[in-house]
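# Fold and contact review
Read off the chains here:
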Amino acid sequence: MSTEADTTGTAIPAEPISQVISALYKKLIRLNTRFDTQTVSAQHIELTEQLAEQILESLIASPNPLLAQLHFNKPNLPYFFNFQFNSIIFAALLVLRNNLNLTTAQQILCGIITWTITAKAQIDDAHTNASAAQNNQVKAQTIRVLNHFQRQIWVSLLTSISASELPKLSGFMQARNTTSPHSNFLILALYFATLITRKSHKPGLSYTHALQKMVQNSHSIGLGQLEPLLDYPGIFLPGSALTISGHQHALYLGKHQSEFYTLAYNAAEKRYSDDISVISEAQIQKVAPPINLNHIKLVEKWWGPQWTEVQALNKSPDSRKLYPKGFRPDRPPESLVGIIEHLNQQDIEVDKLIRLIQNEASFADHIQMTATQQSRENIKIKSVKHGLLMNGFERSRSVLVERALITRLTQHHFPLQDVIYQFVKLWASFASAIAQYHPRMLPEQASCWVYFAASGLFTHAELKLKQNWQFVDSEAKRDNHRIKLKEAQLLWHHAYKLAACWAQDKELRDALRDIPVKQPFPPTAPRTLAHTLLNLSLNLASSIFFKGEIPDYDSDEYLQHYCTRLRLDAAEYATVIEETMKNSHTYWPISNKCVFENG
């Protein structure tokens, strides 16, 4: 799944929703057959990723009728496929509500799809010919192929719990630190499917009661992952059969604010009405277990033209509640553009500038916070005007651009995001400390430059697939990122493009363009100030973050050259190290996030 899909959203499918749902079931069944009957290959991986992507796209485009399938048992299908589809849809709901990057979300769904495929014998021994030994063989083949393609997140889900531990899910729900947060999505999805899926003549729990039981049994990580569901879809799931006041029955379609949209049940005709009725939550008396759905085309009828009209009238349709449309990283926010344009004017109207900043609450808070940090007397700055006076216009420009950029780069979570952010914080802290010793640089500008230079770490698709990153300890890579990736050059390419889209200084853009170009040491051509600053601060941050070593000034010719270019002597270099280590407030979990490799 491309990173662009994270921010541009997904078009509503042109085909009827019943056909979309039917196609997803058919593709899932065919995928199961392929895994059961063929040696696992790259094609299996590609088809699984395609299916996971289609499920996410369909759910984002038409959330309510897709989520309703959790309350519609398909009696013509074996228990296994009802269980598998329920676990996948619930997992998709979880990862989207937890605001995961779509590439990461796709990998988690792939893990759940293949985990259930390799656990058929344990999930539904009455309707499968596969033995546990055959399932284990398929699992081993899948892991081998996934390791070849470095699908670390996917592998982590497949190996987090064994199929034989399926009956122990409630224990895993309560245990702390048994799995990673991302593997915990698998446990939640499997446990939910166990609770809600009808088996033989035993009805499953309603979504409402299943969610209640999961909350009661969850540890803190699970509770945090379930919490977003309370906002959307809430404690009632679309597709729920309700008993409402007056002993009436209705099918719940969805809600807007306090209005619950339903279809009343006509007992005489034994069908739901064609007209939508609005009720309040107070009228709901009971939620029935999942019902049998014999004809998938009924979904088309229930969430038909009237439902489409309701969604059109709502200012916040369900697709936005499920997964709010993200911001494009290559486009600065309009509010920031207006502020920068005003700062670029020869005569700045301070009152107008203050109003522009106050119109964006996050900018106003950030200006005040950074000014407070600059105050030597630790005076808390409580107004934008005072913050501007403390920071000055140029510092304020860099502070606001950096804030907006970080917000866009970190808007959707992926496993390496936290550790990458900590590394970039350390890198920016070094750059800021070095800039204090140069008359042409401002610390805030240097820090902002680093976040543009590091932006590829947040946008490179390969890093969305990993749970740890590899650091190459090589002298030949001292003028570059030392992260091992198949297309490492894209790190700088993304950074250069982003800086251009955000209309950053030519000096920064030139540096980002030239850094990946190999040059002899010492360089034959003079490098720009930005180029030198970014390289030196990157190498200091890499040595300390990845190796736990502080480069020695006296014995490092490379270090001395760049310090000289930046007018930094040995004593000042030592002060930069000391101040950065004291003030950067950075942590780095090296033990479980970084893998070292000699260059």
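Residues numbered from 1 in each chain as written. Predicted model: local features only at pLDDT ≥ 70, side-chain atom pairs only at ≥ 80, totals over all residues. Heavy atoms only, no water.

### Let's talk about the overall build of the protein
When its secondary structure is counted, the protein shows 30 helices and nine strands. Buried positions account for 53% of the 599 residues belonging to the protein. Across the protein, every contact between residues at least 6 apart in sequence was considered, and the portion connecting residues at least 24 apart equals 71%. For the protein, the exposed area adds up to about 26,900 Å²; of that, 50% sits on carbon and sulfur atoms. (Helix = DSSP H or I, 4+ residues; strand = E, 2+ residues; numbered from the N terminus. Buried < 20%, exposed > 50% of the residue type's maximum accessible area, 1.4 Å probe, protein only. Contact = heavy atoms within 4.5 Å. Areas by Shrake-Rupley, 256 points an atom, 1.4 Å probe, with all protein chains shown as cover.)

### Some details on the packing of helix H6 (residues 102-117) against helix H11 (residues 181-196)
Two measures define how a pair of helices packs: the angle their axes make with one another and the distance between the axes. Their axes nearest at 10 Å, the elements H6 and H11 cross at an angle of 50°. When the interaxial angle is binned, H6 and H11 end up oblique. Seen from above, H6 lies across H11 with right-handed handedness. Residues Thr104, Ile108, Ile112, Trp115 and Thr116 of H6 form the contact with H11, whose own contacting residues are His182, Phe185, Leu186, Ala189 and Leu190. (Axes fitted to C-alpha atoms, helices over the stretch in contact; angles between N-to-C directions. Parallel < 35°, antiparallel > 145°, perpendicular 65-115°, else oblique. Left-handed = near helix turned anticlockwise from the far one by under 90°.)

### Observations concerning the packing of aromatic side chains
With the rule as written, the count across this model stands at 22 aromatic pairs. Relative to tryptophan 302, the ring of tyrosine 272 lies with its centre 5.7 Å away and its plane at 90°, an arrangement referred to as edge-to-face. With a gap of 30 residues between them, tyrosine 272 in strand S5 (residues 271-279) and tryptophan 302 in helix H14 (residues 297-302) connect regions that are remote in the sequence. Overall, tryptophan 302 belongs to the buried group, its relative accessible area being 9%. Centre to centre, the rings of phenylalanine 545 and phenylalanine 546 are 5.4 Å apart; their planes meet at 75°, and the pair counts as edge-to-face. (Phe/Tyr/Trp six-rings, centres within 6.5 Å; stacked < 30°, edge-to-face > 60°.)

### Things to note about the side chain of histidine 71
Here histidine 71 lies in the loop between helix H4 (63-67) and strand S1 (72-73). Histidine 71 gets classed as buried once you look at its relative accessible area, which sits at 1%. One polar contact links the side chain of histidine 71 to the main-chain amide nitrogen of tyrosine 207, over a distance of 2.9 Å. Ignoring any residue separated from it by four or fewer positions in sequence, one finds histidine 71 in contact with Ile196, Ser206, Tyr207, Leu237, Gly239, Ser240, Val287, Ala288, Pro289, Pro290 and Ile291. (Polar contact = N/O pair within 3.5 Å; in protein donor to acceptor, adjacent residues only side chain to side chain.)

### What about the sheet that holds strand S3 (residues 248-256)?
Taken in spatial order, the five strands of this open sheet run S5-S4-S3-S2-S6, and their pairing is antiparallel. If you trace the sheet from one side to the other, it starts and ends with S5 and strand S6 (284-287), each paired once. When strand polarity is set aside, the average angle formed by the axes of neighbouring strands in this sheet is 40°. Relative to S3, strand S2 (residues 241-244) runs antiparallel, the two sharing four bridges. Each bridged residue has a counterpart across the sheet, and for threonine 243 the counterpart in S3 is histidine 249. Docked against the sheet, helix H15 (residues 305-313) engages S3, strand S4 (259-266) and S5, running at close to 20° with respect to S5. (Pairing = 2+ DSSP bridges.)

### Thoughts on the side chain of asparagine 82
You can see asparagine 82 is positioned in helix H5 (residues 79-97). At a separation of 3.4 Å, a polar atom in the side chain of asparagine 82 contacts the main-chain carbonyl oxygen of leucine 77. Excluding its chain neighbours within four sequence positions, the residues that come into contact with asparagine 82 are Asn73, Lys74, Leu77 and Thr197.

### Thoughts on the pattern of salt bridges
Tallied over the full model, the rule gives 16 salt bridges. A salt bridge links arginine 397 to glutamate 394; the nearest nitrogen and oxygen atoms lie 3.4 Å apart. Taken together, the residues arginine 397 and glutamate 394, both in helix H21 (residues 393-409) and three residues apart, mark about one turn of the helix. In this structure arginine 397 comes out as buried when scored by relative accessible area, which is 19%. Across the pair arginine 513 and aspartate 514 runs a salt bridge whose closest N-O atoms are separated by 3.0 Å. (Salt bridge = Lys/Arg side-chain N within 4 Å of Asp/Glu carboxyl O.)

### Regarding the environment of isoleucine 340
Inspection of the secondary structure puts isoleucine 340 in helix H17 (residues 334-343). A residue is classified by how much of its surface remains accessible, and isoleucine 340, at 17% relative accessible area, is buried. As a C-alpha pair, isoleucine 340 and leucine 353 span 13 residues in sequence and 9.4 Å in three-dimensional space. Leave out the neighbours within four places in its chain, and isoleucine 340 touches Arg397 and Val401.

### Examining the nonpolar core
Phe90, Leu96, Trp115, Met214 and Trp302 are the most contacted members of the largest nonpolar core, which totals 95 residues. It is H5 that contributes the most residues to this core, 14 residues altogether. Other than its neighbours up to four places away in sequence, methionine 214 contacts Phe90, Met173, Leu188, Tyr191, Phe192, Leu195 and Leu226. Counting 80 residues, the second-largest nonpolar core is a separate cluster that includes Phe430, Ala453, Ala454 and Leu540. (Core = buried A, V, L, I, M, F, W, Y, C linked by side-chain atoms within 4.5 Å.)

### Some thoughts on the packing of helix H22 (residues 417-435) against helix H23 (residues 443-453)
For the pair H22 and H23, the least separation of the axes is 8 Å and the interaxial angle reads 145°. Crossing hand, H22 versus H23: right-handed. Residues Tyr421, Val424, Lys425, Trp427, Ala428, Ala431, Ser432 and Ala435 of H22 form the contact with H23, whose participating residues are Pro443, Ala446, Ser447, Val450, Tyr451 and Ala453. Partitioned by chemical class, the residues of the contact of H22 with H23 number eleven nonpolar, two polar and one charged. (Nonpolar A, V, L, I, M, F, W, Y, C, P; charged D, E, K, R; others polar.)

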